[in-house]
Structures are given as C-alpha cells and as structure tokens.
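Below are the chains, spelled out letter by letter.
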Amino acid sequence: MRSLLTRLVISLAWALACGACIAAEALPASDNPALEARVMKISSELRCLVCQNETIAASHADLAVDLRRQVREMLQNGQNEQQVIDYMTARYGDFVLYRPPFKALTALLWIGPAVMVVVGLGTLFVVLRRRSRLADDAFEPDDKDAPNDPHLS
Amino acid sequence: MIPEIGHFSLWLALGMALVLGTVPLVGAQSGRADFMAFARPISYLLFFFVALAFACLVASFVGHDFSVRYVATNSNTALPLQYRIAGVWGGHEGSLLLWVQMLVLWTVAVALFSRHLPKEVMARILAVMGMVSVGFLLFMLLTSNPFDRLFPAPLEGRDLNPLLQDPGMVIHPPMLYMGYVGFSVAFAFAIAALIGGTLDATWARWTRPWTTVAWMFLTIGIALGSAWAYYELGWGGWWFWDPVENASLMPWLLGTALIHSLAVTEKRNSFKSWTVLLAILAFSFSLLGTFLVRSGVLSSVHAFATDPLRGQFILAFLAVVVGGSFSLYAWRAPEVGIGKRFGLWSKESALLGNNVLLVVAALAVMLGTLYPLVIDALGMGKISVGPPYFDAVFMPLMAPTVFLMGIGPLARWKHAELPSLAMRLRWAAAVAIAGALLTGALAGEIRLVATLGLVMAYWIVGSVATDLWGRVHPQGLDWAQAPARLRQIPRALAGMMLAHLGIAVFCIGVVMVKAYEVESDVKMSVGDSTTVRGYTFIFDGIKELKGPNYVAAQGQMRVTRDGQTIADLRPEKRIYRVQQNPMTEAAIDSGLTRDLYVSLGEQVEGGAWIVRVYVKPFIDWIWFGCLFMALGGLLAVSDRRYRRAAGAEQ
Amino acid sequence: MKHVRYLVPMGILLVLLYFLRAGLNLNPKEVPSPLIGKPAPEFSLPRLDQPEQRISRAELRGQVWMLNVWASWCVACRQEHPLLVQYAKQSKVPIYGLNYKDERTAGIKWLADFGNPYTASLSDRDGRVGIDFGVYGVPETFVIDRDGVIRYKQIGPLTPEVLRDTIEPLLKELNS
C-alpha cells in the first residue's frame, strides 16, 4: 500500500516527464537572432578563401565557420561592421571583400558604368541630332508601304 | 570499338567542316554555282558525323565503358541512367562535344530553312558556320578528346559530381548551349553580309527570326540554371554574379539589344553597321564566355577542370574569330549607307536608346567580371568583385531601360509626338505608382527600393495595357469590334507584349523576394514547431534512407496553415557513397505567391537539428517571367510573314 | 578619319586579349598576404610536446626564423615534409611549426612518423593564430626577420626550387 507521499512523488515524476514530451515552439538556432542576422549580413559580403567563389555565410568549410565565429565574437564585443572588415582585410587583403572598396585602384570600376551610360546616350543623342539636321537627300527615300505595314513591329 | 568510331567520326567531321568552310566561300566569291552547291550536302554530312560521335559517347556512358577516361571521371556503375546520359556533358570534353553538336544542329537548320536566300549569301553563311566548327573540332581533337582511353581500364568510375545529379543538369546545359551557339547564326549572317556587301533591311529581316530563337533558348537556359541553383544548392539564392553566370548574361543582354536593333534596321535600313557589330559581339561574347569558363582564368563554382594549353587554344581561337570579324567590320562597315530618315524622337530612337543601355549593362558586367584579372595582371594586387558591386551597378542601369520599355512600343515610327505620348502614358504612370504602393501595403510594409522596383514592373504592365487598349479600341470603346481587332494583332507584336510582360513579372518576383523574404533559423527536436508568416512548420523527426548511390538523413516536416496541413517537406542531408561529400537537399513547396523552403543544418547536442525555414514571396515569378519572355519570342517568330517567306519557296 | 571609329572594336579586343593572355599565367585563387613587410601578429601558444610551456612572439625576437603551418590531416604537408626535414638538418635557421587546428596526439604521432624538423611546434587548436597570420590553406610557410617582421610567405608546399631560389637568398640577406 503506497503512502500518500509516495503517490504524490510518483505523480509529480509523471507530470514532469510528460511535460518534457510536450512539443514546444522551436527555439532560435542561435541565442541572439538579431546578432546572428548581422553576422550573416556581414559574412555574405566576405569571400571564403578555400572555396571556389562562395561567401563565408554560405560555405560549410572549416575556415568559413571559424571566420563566422570571429565575426560573431567581434560584434558581441561591441565592434562595428567597419572594424570587422578592417580585421579581415588586414589579414587577407582586399581579396576577401566581395564589395570592392572605393579607392584609386577601383575608381574606374565603380564609376565606369555611369560614365559609359553618359557617353553612350550622349553619343547617340549627338549622332541622331546631327542626322536630323541633314537634308532629305542624304537619306534613302521612304517606301510607301513601310511605315504602315502592321507586320513590322 | 565504339570510342574509336566516335573518335574517327570527329576527324571526319573536321574534314567536312574544313570543306564547308572553304569551298562554298570560294564559290561565292568567284560565282561558281557548283562550289556553292556544296554547302548544303556537306552541312548534312558534318551533322551526321558529329551526331555519330555524340551517340558513341552516350553509348560509352550508358554502357559503363570505363576504359574511356572521360567516362571514368564522370560516371559510376551506381549512377542512374538519366545521369549517365547527362554525364556526357558533365565535364569539359563532353560539354565541348555538346557545343559542337548544337553548332552543327544550327548549321543544318540554316541549310534546311533558308531556301529563300540567294545562293551566294547561303554559301557564305554556311561557310562561316563551317569555319567556327573547324575551330571547335580542332580544339577537341587536339586538347580535349572525349574518347581518350585509360589503361588499365578501372573497374569503377569516379562518379558524377553529386551536385550535377539532378534533373536540372539534364536540361540546363543543352538549352544554354542552344542559345550560346545559336548566336553563331546571326554572326554568320553578319559576316556573310559584310563579305558580300549585302547589308540591308532584307538582311535584317532574315537574321531576325534566327536571333530571336537563339535568344529564346538562352533565356530558358539561364532561367533553368538559376532555378537549379535555387533548389539544388541549399542556400536559397538564385543568382550570384559568378563569372560563369555572367558569361551567359552578357551574350543575353547583347542578344536582346540585337533583336531590337534588327527591328530598326529592318524598318529603316539604318544603323546597319551598329546592328552588324552587335551581331558580331553577341557571338563574340559567347566565345569569351567559353574562354572564361574553361581556361581557369577566373575562380568559379562552375568552372571546368582546366589546363593552360586549353586556355591558350581558346584564346587563339577567340583572337582569330573576333579579330577577323572586327577587321572585316573596320574594312566594310564604313561603306554602308545611313538608310532612311527618322526623327530624333521616335520609336527608332527609343529602340536605339534601349540598345545603348543594354550594351552598357553588358559592358558593366564584363568590367566587374574582368577587373580583378586586369588588376592582378598589372601587378597591382588582388581584389574581388562580387554581388554587392553588381547589384549596386546593374539595378540602376535597368531602371532607365525599363522606363524606355514602357515608352518605345507606344512611340510612333519615324516621328513621335512627345506630348501625345506622355498623355497616353499618364494612366500607366498612375497605375505604376498606385500599384506599387498598394502592393507594399498588402505585403505588410512599404519599402523604398521595393516600391521603386514595383513601379518599374507596373509601368511596363501599364504600358502594355495602354498599347493593347489602343489597338483594340482605336476610336473609343467598341466592344463589338474588339475580338476581331484582338485577332488582328500580328503575332510579332503580341510576342513583344508577352515578352515585355515577362520582364514585368520577373521584376515583381525579384523585388518581392528580396524585400519581403522571411527566414527563421531554429533548433528543432521532434514535435517542435516554428511559425513564419502564418505558416507553421512542424518537425516530425528524421528518417534514414538509402538512395541509388547515397545515404541520407531525411527530415520529416509538416506545414500547416490555419490548422490545415498544406505540405509535407522532406529536406535531406545526403552522403554520396563514392565522393563522400555531404550535400544538403532543400525541400521546397512551390506556390503561385510563395515558396516554402526548408533546409537541414547540423545535428546538435540532445538530438535536435538546426533547421532553416524560409517563406519566399513570389520567387517563382522570377522564372515565370523568363518563361513568358521566351514564349513571347516564340510567338513573335511564328508570325505570318516568316512562315509566308518560308512557304513562298515551296 | 571617320574610319578610325570603326577600328575601336579591334582596339578594345587587342587590349582584352592582352589581359586574358596574362591571366593564363595567374592563379585566380592565390591570396597574396597583406602582412608582408608588417610585424608578425602577437601570439602566445603552448608547445605541442610540452603544453605547460608556452612560446610567444617576444621570445623569438632577435633571430631570423621560419614558421611552417602544418597539420596531421593535411595531405599536401606530407609532400613538403621530407624536404623540410632535410632542410632543417643543414640550415641554421630555426623552423617553428604551427600545428593548425589539430588534435595534440595526432600531431605528435604525425611528427614521430614522418620526422620532426621543428625547433618546437606550437599548438593552435582553434586556428585563431592562423587567422591572425592570414592562413587560409595548409601548408604555408613564413620567413620572419630579427625585428619580427614578416618578409615572405609561401602558399602551398615548399619545393626545392623555392627553397633554393627564394628562401635561401632571403635568409642569407636577413642574417648578414
């Protein structure tokens, strides 16, 4: 005959065991999701040096895991993104940055496209305007059917 | 025996290609009809021998012939049949053979479908294609023979890279190569016209359908590659601006420019030298892409195994083909006239503006891709240029391009009245802004960059709708006549509208997923759940399973919404027996308005697993958009006037 | 002169071909070290054979020395190791090993099996010192001068040519 106390203890044990079985809302993989998001954002701009063109955010390589840990620790210690970047470039050079820093060496790279657009559209404009000033006989005569042919889109 | 037949067949093909590249050309220059008549039958023979070689390689794969080195390095007895066949193009040598196979396929297509061309033009075009084949066949036979034997023959192959053991692998390279190689037709038409001095509107009309079809294939090929990366690589991304991806994007941008430029040349017989240059450039960039991918010059996940000799050969080939073309261009293009007149503000100038922007975009991609190489070659250090650069540069270039896309179709040929154009487009502008803001609000938060992207997308939709409305109700509302008018819209025009809508759909996909994607990284034990955007993901544990050539830990995830189970997802962590690489297979539930994406991370203490859950809104619109673009191209090519032209021969 | 603009594509092509050709001789994955000419990073690590003893950067000042990054799991290290063992016998320059991300027992066994050219090996279990040195692939070898400044980094296994043509002359110069 079990005493009341024993029964109480057994019930309590069951209750605790079942409580552990109850499915929970999954906890975030990291203790600090906001920090982790920042780690991933910075890591997604850093090259994994042992991989064939992957970021350290995406790579499973040992070095990538180590460097992500390094980024995490630096952010936890209150350092900012620029300091993390400086840390990486001090050790691995600009090669590790997927966003090339803007300096004399990369000026052409960053400004190039804008210059090309301006030169390209500018040239087109100049050529078209020059042509618009030419007399009609510089051109071929218009065919009668061409402008109205619905099949020419 | 079979590999020997294949090898010998390639030599015969080379012989055919040499004849094709020379005899008809001589015939065209000297007016000898008998020489020119060689072109077609030799093309057919060339195709036959290449196809035979290709069949031999396929047979070697299917039959597990590991005495062939290429088969041994890319296959395995446990490899399922479809991947044995796809393994044919899994590595450098075999994919080259696929390239040549596509090239001769296009050559035969030109031989079959161009009976309306004058025989000199035909002869020259086929000769140019023959010469290109010579280059690739020589490259294969001298440096990359797929039929090289291995002594002693191993009993077991090394296996196809597990990443490639996937349906996407079966179809992505063939589609891509059809596109890349297809631009060789426009190239051949251009060279033939420069040689013969026959660069005119008719030339543009002939070239256009070939360019459109090649462009279609390339669109699908790139889209497939992107979709494949998305569901196969397990990191949820779909474009990384990797050098090999860029190598396919650059010809695509130039091909798009070419299609539009051909329209101007066809209509007005003008800007011919610009168009012919674009035709040369599109294929040149295909060749450049081939070089970048196979020479080891750039670091890429996609790059084939390389050696310097191969790189040198392709470079020399590139120099000869492109250098020769540019020399011919510099010599002949100045003689070409300026054609008919059109105004400063007109549909023609809108098309040319689009051209400039697309070409600049292609050049910007090339700049970013090659800049590290240039800096290194100059001894000034090593830098990387990756997604942050390309995203920052490419998006702003696309904005004015899309803006023009809305205006161009509505502008009149020859002379566009700007005020009336603006009036017509005011609805499109209003819809664009209102739609963008509304979409943002419905998505939960209005974001600036997202709104700008959506404005662009809806601007196109508004413009297409305005165009359509104008054609169906030209003089005010008239529903009785509407169906008839709708049917009267030429397929070429309908194709254009569909393709442009495809771009809008694509933009919406990109914007929505970039701005509104939600991710949840959690530790899950059996029974745990996590809820993201109203979807509840429940972890039911892990099942161990065996595949044909791998073992896997398969996660059992149930997804419910409002209590209803809507999906069962099975993400896997696989270990392939032969290569022993661990691989993540994400599980995706695709939907019209969102993808649910789950991938397994590592197992942690206590038996729980790290699981990554994403809800990606509208991500499939990225590839639907590409599909619409390709369908638009198909529709345009099926236009009556091309069938009429082809039928006129009969 | 209007014909000049038609030569522009050709001009651009020639420039491009020049750079592509140059690129064939380069290795896109090789990462040159930004630490050449800069002081070696601060470190203090336990000895592999006697973990109670530590070696730090300060102790190595005043001499020219080499740091060889190795690990028992590193396949390429086996390739260069015999060379290193032999070189250590004839050279007066001390070679210190950096046992990178390795188990202590595995590392000791590896040296017992394949020879020990090192004056001492340092145990860098979590790889942090490696990161500070900019190590990304094993093996790597550094030459450090009397003032603690890194003067040369070899990426990948040492070869007889590199030892003979680059490292020996450098060591001679630094020691004079």
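## Some thoughts on the overall build of chain C
Inference 1: Secondary structure assignment for chain C yields five helices and seven strands.
Inference 2: Its helices and strands in sequence order give chain C the pattern α-β-β-β-α-β-α-β-α-β-β-α, from N to C terminus.
Inference 3: For the C-alpha atoms alone, the extent of chain C along its principal axes is close to 80 × 35 × 30 Å.
Inference 4: In chain C, buried positions account for 36% of the 176 residues.

## Digging into the sheet that holds strand β8 (residues 587-590) of chain B
Inference 1: Taken together, the five strands give an open sheet; going across it, the order is β1(A)-β1(B)-β10(B)-β9(B)-β8(B), and neighbouring strands pair in antiparallel fashion. Whereas interior strands pair on both sides, the edge strands pair on one side only; in this sheet they are β1 (27-28) of chain A together with β8 of chain B.

## Section: the pairing of strand β10 (residues 609-617) of chain B
Residues and elements named next belong to chain B.
Inference 1: With respect to burial, β10 is a largely interior element, eight of its nine residues being buried.
Inference 2: Bridge analysis of strand β1 (residues 518-524) against β10 gives seven bridges, and the strand direction is antiparallel. Paired with Ser520 across the bridge in β10 is Val613.
Inference 3: Pairing between strand β9 (residues 594-603) and β10: eight bridges, direction antiparallel. Residue pairing across strands places Val598 opposite Val613, the latter belonging to β10.

## Some words on helix α3 (residues 62-76) of chain A
Inference 1: For α3(A), spanning 15 residues, the distance from its first C-alpha to its last is 21 Å, which sits close to the expected 21 Å at 1.5 Å a residue.
Inference 2: For α3(A), the full list of buried residues reads Leu63(A), Ala64(A), Leu67(A), Arg68(A), Gln70(A), Val71(A) and Arg72(A).
Inference 3: In the core, the buried residues of α3(A) are packed alongside α2 (33-43) and α4 (81-92) of chain A together with α4 (128-132) of chain C.
Inference 4: In the stretch just after α3(A), Gly78(A) is the one whose phi turns positive, near 90 degrees.

## Digging into the packing of helix α10 (residues 243-268) of chain B against helix α11 (residues 272-294) of chain B
Residues and elements named next belong to chain B.
Inference 1: Two elements in contact, α10 and α11, have axes whose closest approach is 9 Å; the angle formed by their N-to-C orientations is 165 degrees. Here α10 is positioned roughly antiparallel relative to α11, judged by the angle of their axes. Seen along the crossing, α10 lies across α11 with a hand that is left-handed.
Inference 2: Class assignment of the residues belonging to the contact of α10 with α11 gives a composition of 17 nonpolar, seven polar and one charged.

## Things to note about the interface of chain B and chain C
Inference 1: Counting residues at the interface gives 25 residues for chain B, matched by 19 residues for chain C.
Inference 2: Elements with a contribution of two residues or more to the side of chain B that touches chain C: α11, α12 (308-332) and α13 (347-377) of chain B.
Inference 3: Sort the elements by how many residues they give to the side of chain B that touches chain C and α12(B) lands first, with 11 residues.
Inference 4: Partitioning the side of chain B that touches chain C into residue classes produces 17 nonpolar, six polar and two charged.

## Some details on the domain arrangement of chain A
Inference 1: For chain A, the domain assignment lists domain 1 (33-96) and domain 2 (102-132).
Inference 2: Inter-centroid distance (C-alpha atoms) of domain 1 of chain A to domain 2 of chain A is 35 Å.

## With respect to the interface of chain A and chain B
Inference 1: Contact with chain A, which involves 47 residues of that partner, is made by 59 residues of chain B.
Inference 2: Counting residues per element, the ones that place at least two in the side of chain A that touches chain B are β1 and α5 (107-132) of chain A.
Inference 3: With 12 residues, the top contributor of residues to the side of chain A that touches chain B is α5(A).
Inference 4: Relative to β1(B), β1(A) runs antiparallel, the two being bridged by two bridges. In the sheet register, Leu27(A) faces β1(B), and the bridge partner there is Lys523(B).

## What about the pairing of strand β4 (residues 95-100) of chain C?
Residues and elements named next belong to chain C.
Inference 1: Among the six residues in β4, five count as buried, and that is most of the element.
Inference 2: With five bridges connecting them, strand β3 (residues 65-70) and β4 associate as parallel partners. When the sheet's bridge partners are listed, Val69 is paired in β4 with Leu98.
Inference 3: What joins β3 to β4 is helix α2 (residues 75-90), and the crossover it makes is right-handed.
Inference 4: For β4 and strand β5 (residues 120-124), the ladder comprises five bridges, and the chain directions are parallel. From the neighbouring strand, Asn99 faces β5, where its bridge partner is Ser123.

## Thoughts on the sheet that holds strand β7 (residues 150-155) of chain C
Strand-to-strand pairing in sheets goes through backbone hydrogen bonds, with the strands running parallel or antiparallel.
Residue and element names in this part refer to chain C.
Inference 1: Pairing within the open sheet is mixed, and its five strands lie in the order β5-β4-β3-β6-β7. Of all the strands in the sheet, the pair left with one neighbour each is β5 and β7. The average angle at which neighbouring strand axes cross in this sheet is 20 degrees, direction not considered.
Inference 2: Helix-sheet contacts for helix α5 (residues 160-175) involve β6 (140-144) and β7, and the interaxial angle to β7 is about 165 degrees.

## Here's the deal with the environment of Pro167(B)
Inference 1: Topologically, Pro167(B) is positioned in helix α8 (residues 167-196).
Inference 2: Residue classification places Pro167(B) among the partly exposed positions, given that 14 C-beta atoms sit within 10 Å.

## A word on the environment of Leu137(B)
All names here are of chain B.
Inference 1: Following the sequence through the fold, Leu137 ends up in helix α7 (residues 119-143).
Inference 2: With 28 C-beta atoms packed within 10 Å, Leu137 lands in the buried category.
Inference 3: Along the primary structure Leu137 and Leu96 are separated by 41 residues, whereas in three dimensions their C-alpha atoms are 8.8 Å apart.
Inference 4: Those residues in contact with Leu137 that sit more than four places away from it in its chain are Leu10, Ala13, Leu14, Ala17 and Val100.

## Observations concerning the environment of Ala247(B)
Residue and element names in this part refer to chain B.
Inference 1: Position of Ala247 among the secondary structure elements: in helix α10.
Inference 2: C-beta crowding within 10 Å serves as the criterion here: with 24 such atoms nearby, Ala247 is assigned to the buried category.
Inference 3: The spacing of Ala247 and Trp621 is 374 residues in sequence and 23 Å in space, taken between C-alpha atoms.
Inference 4: In this structure Ala247 touches Gly289, Leu292 and Val293, once residues within four positions along its chain are discounted.

## Let's talk about the packing of helix α14 (residues 387-407) of chain B against helix α16 (residues 448-472) of chain B
Residue and element names in this part refer to chain B.
Inference 1: Here α14 crosses α16 at 15 degrees, and the two axes come no closer than 8 Å. The angle between the axes of α14 and α16 places the two elements in the roughly parallel class. Crossing angle aside, the handedness with which α14 passes α16 is left-handed. Contacts from Ala399, Val402, Phe403, Met405 and Gly406 in α14 reach Met456, Trp459, Ile460 and Ser463 in α16.

Cut-offs and rules
Residues numbered from 1 in each chain as written. Chains lettered and ligands numbered in written order. Predicted model: local features only at pLDDT ≥ 70, side-chain atom pairs only at ≥ 80, totals over all residues. Helix = DSSP H or I, 4+ residues; strand = E, 2+ residues; numbered from the N terminus. Buried ≥ 20, exposed ≤ 12 C-beta atoms within 10 Å, placed from the backbone. Pairing = 2+ DSSP bridges. Expected span 1.5 Å × (residues − 1). Contact = placed C-beta atoms within 7 Å. Axes fitted to C-alpha atoms, helices over the stretch in contact; angles between N-to-C directions. Parallel < 35°, antiparallel > 145°, perpendicular 65-115°, else oblique. Left-handed = near helix turned anticlockwise from the far one by under 90°. Nonpolar A, V, L, I, M, F, W, Y, C, P; charged D, E, K, R; others polar. Domains from an automatic or database assignment. Right-handed = clockwise from strand over helix to strand, strands pointing away.

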